[in-house]
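# Reading the structure
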Amino acid sequence: MKTKSLLSFFAAVLILLQPLSAQQLSIKGKVLDANDKCPVEFANISLLKQDSTLVDGVTSDENGMFKISNILNGNYLLSTSFIGYKTSYVPVQVLDASGSFLEIMLHPSSIMLNEVTIAAKSIINKVDRKLILPSQNLIKSSTDGLDLLKKMQLSRIMIDPITSEVMVSGNGEVQLRINGIQVTSTEITAIKPEDVVRVEYHDSPGARYGNASAVIDYITRHSESGGNIRGGSMHGLSSKKTSADDMLSMKFNNKKSEFSANISYQRRKQDWTREYDETFVYPDHEVNRLEIGEPTAFDKSKLTSNVNYSLQKKESYFFNAQLRYTYLDFPAAYEDRRSKLYTSGSDIPLSVYDHTTERSNSPALDLYFQKNMKDNQLLIFNVVGTYIGTKNTRIYQEQRESVTETDIYSKISGDKYSLIAEGIYEKNIGSSKFTGGLKHLQAYTGNQYGGTTVADVAMRQAESSAYAEYQGKIRHFGYMANLTVSRFYYSQDGNGTSKYSFQPTAQVTYSADNDLFFRYRIGLQNNIPSLAYLNDVAQIIDPMQERKGNPNLKSFRSLGQNFTAGYDKGIWGAELLVTYDYQYKPIMESVIYESGLFVRTYENQKAFQNLSAELTLKLKPWKDYISLSVTPKINRYISEGNNYLHTYTIKELRVNLDFSYKNYLLNFSTITPPNRFMYGEQLSKGELMTTVTAGYKQPNWTVMLGVFCPFTKTYKADNENWSALNPVKSQIHTKNMTQMFFVKCNFNINFGKQFRSANKRINNSDIDSGIMSGTKD
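Quick notes on the rules
- Residues numbered from 1 in each chain as written.
- Predicted model: local features only at pLDDT ≥ 70, side-chain atom pairs only at ≥ 80, totals over all residues.
- Heavy atoms only, no water.
- Pairing = 2+ DSSP bridges.
- Helix = DSSP H or I, 4+ residues; strand = E, 2+ residues; numbered from the N terminus.
- Axes fitted to C-alpha atoms, helices over the stretch in contact; angles between N-to-C directions.
- Buried < 20%, exposed > 50% of the residue type's maximum accessible area, 1.4 Å probe, protein only.
- Polar contact = N/O pair within 3.5 Å; in protein donor to acceptor, adjacent residues only side chain to side chain.
- Salt bridge = Lys/Arg side-chain N within 4 Å of Asp/Glu carboxyl O.
- Phe/Tyr/Trp six-rings, centres within 6.5 Å; stacked < 30°, edge-to-face > 60°.
- Lys NZ or Arg CZ within 6 Å of the ring centre and 35° of its normal.
- Contact = heavy atoms within 4.5 Å.

The 4 strands lie next to each other as 31-32-36-35, forming an open sheet whose pairing is mixed. Only two strands of the sheet have a single partner each, and these edge strands are strand 31 (539-542) and strand 35 (587-594). Strand after strand, the sheet turns through a mean of 35 degrees between neighbouring axes, direction not considered.

Next up on the list: helix 3 (residues 145-152). In terms of residue burial, helix 3 counts as a mostly covered element, since 7 of its 8 residues are buried. Every buried residue belonging to helix 3 is among Gly145, Leu146, Asp147, Leu148, Leu149, Lys151 and Met152, and all of these are buried. The distance from a side-chain oxygen at the start of helix 3 to the backbone nitrogen of leucine 146 is 3.0 Å, and the residue carrying that oxygen is aspartate 144. Positive backbone phi, at 55 degrees, marks glutamine 153, one or two positions downstream of helix 3.

So, on to the pattern of salt bridges. Throughout the structure, instances matching the rule amount to 25 salt bridges. As a salt-bridge pair, arginine 198 and glutamate 41 come within 2.9 Å of each other at their nearest N and O atoms. In this pair, arginine 198 is assigned in strand 14 (residues 196-202) and glutamate 41 in the loop between strand 1 (25-33) and strand 2 (44-48), connecting sequence segments 157 residues apart. Glutamate 41 carries the same exposure label as arginine 198, and that label is buried. The partner of arginine 324 in a salt bridge is aspartate 366, with the nearest N and O atoms 3.3 Å apart.

The next point concerns the sheet that holds strand 2. Across the sheet, 4 strands lie side by side as 3-2-5-6; this open sheet has antiparallel pairing. Unpaired on one side and paired on the other, strand 3 (54-59) and strand 6 (88-94) mark the two borders of the sheet. Geometrically, the sheet is characterised by an average inter-axis angle of 25 degrees between neighbouring strands, direction not taken into account. Sheet analysis places strand 2 next to strand 3, joined by 5 bridges and oriented antiparallel. If you follow leucine 48 over to strand 3, its bridge partner there is leucine 54.

This next bit is on unusual backbone geometry. One non-glycine residue, glutamate 401, adopts positive backbone phi at about 50 degrees. Structurally, glutamate 401 is set in the loop between strand 24 (377-400) and strand 25 (403-429). Classification of glutamate 401 as exposed rests on a relative accessible area of 60%. One non-glycine residue, cysteine 709, adopts positive backbone phi at about 50 degrees.

A separate point is the packing of aromatic side chains. In this description, an aromatic ring pair is defined by two values, namely the gap between the centres and the angle between the planes. Enumeration according to the criterion identifies 23 aromatic pairs in this entry. Plain terms: the ring middles of tryptophan 272 and tyrosine 334 are 5.5 Å apart, the flat faces sit at 75 degrees to each other, and that makes the pair edge-to-face. Of this pair, tryptophan 272 sits in strand 18 (residues 257-281) while tyrosine 334 sits in the loop between strand 21 (317-332) and strand 22 (337-343), and the two are 62 residues apart along the sequence. What makes tyrosine 334 partly exposed here is its relative accessible area of 32%. For the pair tyrosine 625 and tyrosine 661, a centre-to-centre distance of 6.0 Å together with 65 degrees between the ring planes defines the contact as edge-to-face. With tyrosine 625 in the loop between strand 37 (607-622) and strand 38 (626-640) and tyrosine 661 in strand 39 (residues 645-661), the pair connects residues that are 36 residues apart, well separated along the chain. Accessibility expressed as a relative area gives 34% for tyrosine 661, which makes it partly exposed. Here the aromatic residues Phe280, Tyr282, Tyr593 and Phe598 are joined through ring pairs into a cluster of three or more. In this structure, arginine 274 is placed above the aromatic ring of tyrosine 334, and the distance from its NZ or CZ to the ring centre is 4.7 Å.

Moving on: the environment of threonine 693. One can find threonine 693 in strand 43 (residues 689-698). On the accessibility criterion, threonine 693 (12% relative accessible area) is buried. Once the C-alpha coordinates of threonine 693 and leucine 666 are considered, the two residues, 27 residues apart in sequence, prove to be 5.7 Å apart. When sequence neighbours within four positions are dropped, the list of residues in contact with threonine 693 reads Leu665, Leu666, Asn667, Met704, Leu705, Gly706 and Phe742.

Turning our eyes to something else, we now look at the pairing of strand 46 (residues 728-734). A large share of strand 46 lies buried, amounting to 5 of its 7 residues. Pairing of strand 18 with strand 46, which is carried by 6 bridges, proceeds in the antiparallel orientation. Note that in strand 46 the partner of glutamate 275 across the bridge is glutamine 731. Here strand 45 (residues 715-721) runs beside strand 46; their pairing, made up of 7 bridges, is antiparallel. Within strand 46, the position partnered with tyrosine 715 by the bridge is threonine 734.

This part is about the pairing of strand 42 (residues 682-686). Regular strands place side chains that alternate from one sheet face to the opposite one. Sheet analysis places strand 41 (residues 677-679) next to strand 42, joined by 3 bridges and oriented antiparallel. Its bridge partner being in strand 42, phenylalanine 677 is matched across the sheet by serine 684. Inspection of the sheet shows strand 42 paired to strand 45 by 5 bridges, in the antiparallel sense. Each bridged residue has a counterpart across the sheet, and for glycine 686 the counterpart in strand 45 is alanine 717.

Take a look at the structure:
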């Protein structure tokens, strides 16, 4: 009897333990390209029941490896898919705890959008970046690479509807890349959405990216033969205002080589009205000047182009040479104005005429070499040479009853030559990665000032830095630490100064699963003054004030902290970002009274603080057909000067709604302009910018019709300066940016098979001309 009871007890225990042991069953495998046997990273792997019910889904890692754990024994169907490949369906029988290891071969497909893909996850959170895998419907509904970025609705990222410039919340720098190579928005627009494998979003970039606030890297596939021609155009439909963007891109592949060329032309011609109310506080009296503006032309043209050649051998080396050229022409600058000026103490107004022209051209040669070595090691070398030539003229006149009382003329020409060299070593150690690098910038600038002020200025600049970074992961925790040691040298007309700095950064992330993540980052940064701020040549603004730089400026440090929490699952997602930035002795504008003039210059002030919080809410109520993103943001500023203290709070809002069904597209977006900020004693505020577009898309062409600011008649932007010596309130407004209809179209001719390219990992560029303007703003 006891024996029978004991057997019954063990039988019951076995029955209870059976599900527990079954939970430990798993499927492991590797996804490979059937042609070249290279790993396919971030492929979607879905485990299905025999009736096609989804059991679980994962994505393959950088080595093509994947694992699906905690499954019951039985018969399943394993679906593996990735854009550009035929979907693979493999029957799998799971019997015991030893698991199964599978090699999944994916075959390239020339018909990508008609295939069914079961997406395991569209966003993958890594220690140093986010990987966004665009769905097929998202790709199908996007007209170009920039439109794809907009539809992704990345947190903090905005696209200016007028200039097509990619911006980041907080006015930082955004680096755009394609396969690691630095590009402009022109090349991003030239991307065919079907060629995008994924987008890597570095929303908190590491040491190698310098002071960039965000890095967006498009990982694309390339044709192994044949080529690609793509063009696009956007034109305003009003005869009274000009708004035009034209682009043409060409690419040709031949075995290991790729040749490409891009050119874009942008033209803006509008009327702006500027009005001022400013007070000049003299030691013994005050003078008020009130300007009533008249519509004044603003005219801008910009031409950007590049020619690119790359040579690669898979898993061995990658060489890239790029020649860039940018030409800017401002026949009528943004600061131009015509107005009537009323001054205290006179009943007869002055007629003000302020006109500035500017032209610049900048060729640059970028050479890049990457060598893959054994034991997961990588060497990268990059050299960039740049020339910036600039010519400025300004005429400022004040007349009373046709008699000229003030006549200011300035002519500035500048030449800047710079060379940037960088080397990087990288090694992967299991789930960890070490990166070390050296970087040096050498620049020479020569400016010639003529007209009312005559001067020749020669400036030399050198920046050297060495950095090391280590990334790792322990279970659900990821960590990163880096240290940059830098030296800055500057001299003007033989008088030089140098500064050393240490810039450490640390970051910790936690992700229990791929739906929820947390991240905290803290970093100390050294900020060097721009060449224009260091230039001590005085430029007359008007009879009462002048602007000049300060060669005694010191570099300053800032402590930045941010906390991010995100959740994304199913039809909705949310991401909270809280940042705090503290600047110690920052460089901000000062107004001083000297020799009968009010001088606008720059000084190291006491401190500046910015606390901000933004919450991005996303909703996809109907698959990828409808996508809504809403982001409210609040900024709190505390500006402490050497003799002032100002605080201010600014609220912002971004909304983006995308609808696509079959070949029809509709978009509504509104953003708060990024020029809403406070720094020093300067406050800038701009109205919401709203855009509505609708269109029709075919595989090789798209036509869109849109309207900018449809709900307002006049666009306004306000500026204030709270200086005790020279308080100013100003407003600019125009009707040329409201209720403006435009048409946008593009075409694509693409042919050839697909192959993967190596990735260029770094970029360098120089855009600081070193010239200080004498304009009012």
